[in-house]
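Here's the letter readout for the chains.
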Amino acid sequence: MAGLPQSVLFCCDHNAVRSPMAEGIMKKLYGFDTYVQSVGVVNDLDIDGFAIAVCREIGVELDKHRSRSFEELEEMGEALSGFDLIVAMSPASQRAALDLTRYYHLTVEYWPVMDPTGLGETREMKLNAYRQTRDQITDKLKSRWGAT
């Protein structure tokens, strides 16, 4: 188990479910000793309401999250080279992260995390799918950096 990085960037496809969950859960588990942000390959969706609901159940507030892409992150003055670690949670985000960082000495890890969107037919079934994703992210964080 490694020590916490100084900065980590979580990424997924739209920055609407998995990567904002990871950002919020990491901040809750480890505080603000590590600088944490999240992005998507594209920014075409707002934060998902089911993601907000299941994270609220564990005391993580995502209501104020604003989705953004890799490109928007850089436009806002955040260079990818400034992060110690990028954690990709989807194949598309892994490809984008590797492509965008090919000239940097930067670690990109791939954590395959279930995409809960489109799963379940009832509200409760959908919530359960999002809970599974939330818990999968929490387990990956704890196995990578330890329980708090």
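Note that the structure is predicted; figures quoted are calculated from it, not measured. (Residues numbered from 1 in each chain as written. Predicted model: local features only at pLDDT ≥ 70, side-chain atom pairs only at ≥ 80, totals over all residues. Heavy atoms only, no water.)

The end-to-end C-alpha separation of helix 1 (residues 18-30) is 18 Å, in line with the 18 Å expected for 13 residues at 1.5 Å each. Of all 13 residues making up helix 1, eleven are buried, and the element is well covered by its neighbours. Listed as buried for helix 1 are R18, S19, P20, M21, A22, E23, G24, I25, M26, L29 and Y30. Considering only its buried residues, helix 1 is in contact with strand 1 (7-12), strand 2 (35-40), helix 2 (49-56) and helix 5 (123-145). (Helix = DSSP H or I, 4+ residues; strand = E, 2+ residues; numbered from the N terminus. Expected span 1.5 Å × (residues − 1). Buried < 20%, exposed > 50% of the residue type's maximum accessible area, 1.4 Å probe, protein only. Contact = heavy atoms within 4.5 Å.)

Our next topic: the side chain of R134. As for its placement among the helices and strands, R134 is situated in helix 5. Judged by relative accessible area, which is 7%, R134 ranks as buried. Here V54 takes part through its backbone oxygen, which lies 2.7 Å from a polar atom of the side chain of R134. Ignoring anything within four residues of it in the chain, the contact list for R134 reads M21, I25, V54, C55, E57 and I58. (Polar contact = N/O pair within 3.5 Å; in protein donor to acceptor, adjacent residues only side chain to side chain.)

What follows deals with the packing of aromatic side chains. Scanning the model with the defined rule gives five aromatic pairs in all. A centroid spacing of 6.5 Å and a plane angle of 80 degrees characterise the contact between Y30 and W145, whose relative ring orientation is edge-to-face. In this pair, Y30 is assigned in helix 1 and W145 in helix 5, connecting sequence segments 115 residues apart. Take Y30: its relative accessible area is 9%, and that puts it in the buried class. Taking relative accessible area as the criterion, W145 reaches 8% and is therefore assigned buried. Ring centres of F50 and Y130 lie 5.3 Å apart, and the angle between their planes is 35 degrees; this geometry places the pair in the tilted category. (Phe/Tyr/Trp six-rings, centres within 6.5 Å; stacked < 30°, edge-to-face > 60°.)

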